[in-house]
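# Close look at the chain arrangement
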Amino acid sequence: MVSFDLNHVIESQQFDRDILELVFRTADMMKEDLAGDRKLAKFLDGKIMASLFYEPSTRTRFSFESAMRRLGGEVITTENAREFSSAAKGESLADSTRIINGYADLIVMRHNEAGSAARAAEISRIPVINAGDGAGQHPTQALLDMYTIVDAFPQMNNLKIALVGDLRYGRTVRSLSYLLTKYEGIEIVFVSPPVCRMERDIKDYLDKYQVPWREEDDLSEVIREIDCIYMTRIQKERFHSIDDYREAAGKYILTPELVAQMKRDAIIMHPLPRVDEIPPVVDSAPQARYFEQAQNGLYIRMALLYLLLKS
Amino acid sequence: MVSFDLNHVIESQQFDRDILELVFRTADMMKEDLAGDRKLAKFLDGKIMASLFYEPSTRTRFSFESAMRRLGGEVITTENAREFSSAAKGESLADSTRIINGYADLIVMRHNEAGSAARAAEISRIPVINAGDGAGQHPTQALLDMYTIVDAFPQMNNLKIALVGDLRYGRTVRSLSYLLTKYEGIEIVFVSPPVCRMERDIKDYLDKYQVPWREEDDLSEVIREIDCIYMTRIQKERFHSIDDYREAAGKYILTPELVAQMKRDAIIMHPLPRVDEIPPVVDSAPQARYFEQAQNGLYIRMALLYLLLKS
Amino acid sequence: MVSFDLNHVIESQQFDRDILELVFRTADMMKEDLAGDRKLAKFLDGKIMASLFYEPSTRTRFSFESAMRRLGGEVITTENAREFSSAAKGESLADSTRIINGYADLIVMRHNEAGSAARAAEISRIPVINAGDGAGQHPTQALLDMYTIVDAFPQMNNLKIALVGDLRYGRTVRSLSYLLTKYEGIEIVFVSPPVCRMERDIKDYLDKYQVPWREEDDLSEVIREIDCIYMTRIQKERFHSIDDYREAAGKYILTPELVAQMKRDAIIMHPLPRVDEIPPVVDSAPQARYFEQAQNGLYIRMALLYLLLKS
């Protein structure tokens, strides 16, 4: 039996295969409990989670707060945490973390600067969960993504996974790439315009773990062979001209025509919010899993709260 | 026995007389429970309400959140829901609604655009309550207004009701007008400056339901004959000149002199907040019911939460 | 046995020695309960606290909300209470208070204008706690400060207390000064630049209660004789020139060299947030009590909620 020996959840690399399996089995348990007898409805009764958001992210915050409340815990919350430092004209994150330690049993932190959650965790006597730190990581998103893939393909045999869109600046595809190395027989296809290619550090990491990868420009080139398409949004700001953008964007929209070419048992994922990279008409395709994926965020976050606070 | 067969609360027109009576009897039950043995203090234990406010309205939000908590339910809340769409640079209300469906058991939505709550309700598997949608409706306000009138006049015989102030742009008087058609023997007097007259659609609706109405310019002309005065604020911006405003505003201030001319058993209502259209000295008049009316909002919202979530 | 006969907590002067002792013993009880069997974990079950913040102060708000939740109570919260008056273009604090009375069992109010909490308390049928009102008071801060001093020096014999920094504009040192008069044998040293001297009204109050006080310019002059140093931040804006500021600020930084000269059983306090007036290296000094002091805020606020709502 694997024990959950993490004190904090800061980055994807913390999770090895055994701990991933433990988290995913716990998420299964949460899903069953919510659909069933609610034995866990008061499990975290009396515990307090502090939602410490230095920038607003209502969707992520709601997911964590719903998870905490579904387990009977309480929440104190701010999307205005930046006020800690502005009011003080310079209070350190360390001091803020120490103070919150007196008020809560766990901190969920969203910050605009990479590395913030790790710095808070160094000081904190209570668990810190990174809910996104700037250009850094968003590990609970990576966990729910991986959980969705494992759920669809329990055997995880010879899966071909396309990561599509803005791979250079997209925090989610970077975090997910780390987790994909924990599984055998995965092959990755990076599909992006040249200006949005996946960064070197991730490619090196994949090489180190002997995960085969290749790069493609055009989604239509690979659509037939893929088991899992992970779509992300391409932001206009990345391109030198609006014409470049229009040309590029068209290649990364998952049209019904492309979906029709997909394997029947393939799945379509997206971290959401989407804009036009997946048209609403695709929602009814059997491959569409992105709303289920978002829902899995609740189970994963309940699982992490359970594992971090159960003792 | 009437059953509550509404899945959502979007507009006043949804409520027929039987359902109104059911809601009002349930509100009575809430009032008794709060004053008494609190048998319902844990009735919604384990349920989560999402307060999804696309624009701030602390008063309305507090009323709903207090109602949910008085019944033992939990709340996840944002006054920053606009961030859903801005962060995504265009996420649809449909997608946001689908996501929230995974986190909560009921949505209370305030939005700046008319029709938003109805669009969310089309998608939502969980109940949606419209807490005001721009120039559209604010049905829970109309319900608490109607509840206050019925409470004061249980027989509802031959009531003469003056709606006073900005009738053209005032959402509350429009929503209330729909509900007034459900009762017999009501006569409406619209009291407003010419630039703020009630719109044609409401007048047509009243005609269709054979509710007599007339228009007056000046509150002092009708003050003696009225059973219920519903005051609203006139905004300066409606007038062409500040002189026009000053002249008009004076005619729609409920001075102590006017109150002295009212029937003893008449009632004064106001959706609040008020500014100077009812001077504080009037608060001690026996006819003043506006704070009781605000308090009724709690009972009505508890009743709706109870009826929508009890199954 | 002293009974707690305060209906509201508005200013330090309300607290006499007996009530202070009652509050502090109750805070002790809270500390024990949190560390022990949690008999009070559901004590305020079903009660609702309204956090009514007219300006953001996440730290103070979190402290109150954590206190309420540690006692099993619920919270409705806004840092946007100013919206009450802006939306209404002028709703009175009295009206807002009346409305909130219908939604909650206790109000915690932070306001930008001195006297606001007192005005709300005049109207309110439910308890109001002042969580800071502009240049006015912050009585719960003063209580937690006093509690920290009494905890460190239970005999309170011949204590010499230095209040250091911006004494003219600092709300906390003013509120604490009132409480210090309730104890025998205390001597106060005001340490500040001439532009930030303590105001006359406080000096007169101390004289009236025969509390000896003197003024010093330089912390290093008094560091050896002090039992308790209460540091506060000096804001640049108070000085006529940046050179004046630099010269002054250096005299009010508690360097490790100064700490080395302190009595071993002396204590260092700070209301936090700090900027550079206490360098982080001092945190490990045995005299440092400022994080414990912040933590005491939780016990004091739990005690006040308990005492105000227990009946």
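Residues numbered from 1 in each chain as written. Chains lettered and ligands numbered in written order. Predicted model: local features only at pLDDT ≥ 70, side-chain atom pairs only at ≥ 80, totals over all residues. Heavy atoms only, no water.

### Here's the deal with the packing of helix α6 (residues 139-152) of chain C against helix α7 (residues 171-180) of chain C
All names here are of chain C.
- Look at α6 against α7: their axes get within 8 Å of each other, and the N-to-C directions meet at 55 degrees. In terms of axis orientation, α6 runs oblique to α7. By crossing handedness, the relation of α6 to α7 is classed as right-handed. Residues Gln141, Ala142, Leu143, Asp145, Met146 and Ile149 of α6 touch α7, and the partners they reach there are Thr172, Ser175, Leu176, Leu179 and Leu180.
- Looking at the contact of α6 with α7, its residues break down into seven nonpolar, three polar and one charged. (Axes fitted to C-alpha atoms, helices over the stretch in contact; angles between N-to-C directions. Helix = DSSP H or I, 4+ residues; strand = E, 2+ residues; numbered from the N terminus. Parallel < 35°, antiparallel > 145°, perpendicular 65-115°, else oblique. Left-handed = near helix turned anticlockwise from the far one by under 90°. Contact = heavy atoms within 4.5 Å. Nonpolar A, V, L, I, M, F, W, Y, C, P; charged D, E, K, R; others polar.)

### A look at the environment of Leu20 of chain A
All names here are of chain A.
- Tracing the sequence through the fold places Leu20 in helix α1 (residues 17-35).
- The spatial distance from the C-alpha of Leu20 to the C-alpha of Met49 is 23 Å, given a sequence separation of 29 residues.
- Aside from chain neighbours lying at most four places away, what touches Leu20 is Phe15, Leu143, Leu179, Lys182 and Tyr183.

### Points about the domain arrangement of chain A
Residues and elements named next belong to chain A.
- As assigned here, chain A comprises domain 1 (12-137 + 295-309) and domain 2 (139-294).
- Between the C-alpha centres of domain 1 and domain 2 the distance comes to 26 Å.
- Taken together, the contacts link 29 residues of domain 1 with 23 residues of domain 2.
- Ranking the residues of domain 1 by area buried against domain 2 places Ser12, Phe24 and Asn296 at the top, with a combined share of 25%.
- At the surface where domain 1 touches domain 2, the tally comes to zero salt bridges.
- The interface formed by domain 1 and domain 2 includes 16 residue pairs in polar contact (both at pLDDT 80 or more).
- Taken together, the elements giving at least two residues each to the side of domain 1 that touches domain 2 come down to α1, α2 (58-70), β4 (128-133) and α12 (290-309).
- Looking at the side of domain 1 that touches domain 2 element by element, the count peaks at eight residues for α12.
- Looking at side-chain class alone, the side of domain 1 that touches domain 2 contains 10 nonpolar, 10 polar and nine charged residues. (Domains from an automatic or database assignment. Buried area = accessible area lost by both parts, 1.4 Å probe. Salt bridge = Lys/Arg side-chain N within 4 Å of Asp/Glu carboxyl O. Polar contact = N/O pair within 3.5 Å; in protein donor to acceptor, adjacent residues only side chain to side chain.)

### Quick notes on the interface of chain A and chain C
- Taken together, the contacts link 27 residues of chain A with 26 residues of chain C.
- Three residues, Ile76, Ile99 and Tyr103 of chain A, lead the burial of chain A against chain C; their summed loss comes to 25% of the area buried on that side.
- The tally of links between chain A and chain C comes to five salt bridges.
- One salt bridge in this structure joins Arg274 of chain C and Asp95 of chain A, with 2.6 Å as the shortest N-O distance.
- Counting across the chain A and chain C interface gives 10 residue pairs in polar contact (both at pLDDT 80 or more).
- Of all the elements, strand β2 (residues 74-78) of chain A adds the most residues to the side of chain A that touches chain C, at five residues.
- Its residues assigned to classes, the side of chain A that touches chain C comprises 12 nonpolar, six polar and nine charged.

### Thoughts on the relation of the copies chain A and chain B
- Superposing chain A onto chain B takes a rotation of 120 degrees plus a shift of 0.0 Å along the axis, which leaves an RMSD of 0.0 Å. The relationship between the two copies is best expressed as a three-fold rotation axis.
- Looking at the interface residues of chain A, only 8% of them are also at the interface in chain B, so each copy uses its own face. (Least-squares fit on C-alpha atoms with pLDDT ≥ 70 in both.)

### Concerning the interface of chain A and chain B
- Taken together, the contact pairs 25 residues of chain A with 27 residues of chain B.
- Roughly 2200 Å² of surface becomes buried between chain A and chain B when both sides are summed, with 51% attributable to carbon and sulfur atoms.
- A per-residue breakdown of the area chain A buries against chain B is headed by Arg59, Phe62 and Arg69 of chain A, which together make up 29% of the total.
- The salt bridge partner of Asp105 of chain B is Arg70 of chain A, with a shortest N-O separation of 2.9 Å.
- Across the chain A-chain B interface, the total number found is 10 residue pairs in polar contact (both at pLDDT 80 or more).
- Breaking the side of chain A that touches chain B down by element, the ones donating at least two residues are α2 and α12 of chain A.
- No other element matches the nine residues that α2 of chain A contributes to the side of chain A that touches chain B.
- Of the residues belonging to the side of chain A that touches chain B, the class tally is eight nonpolar, five polar and 12 charged.

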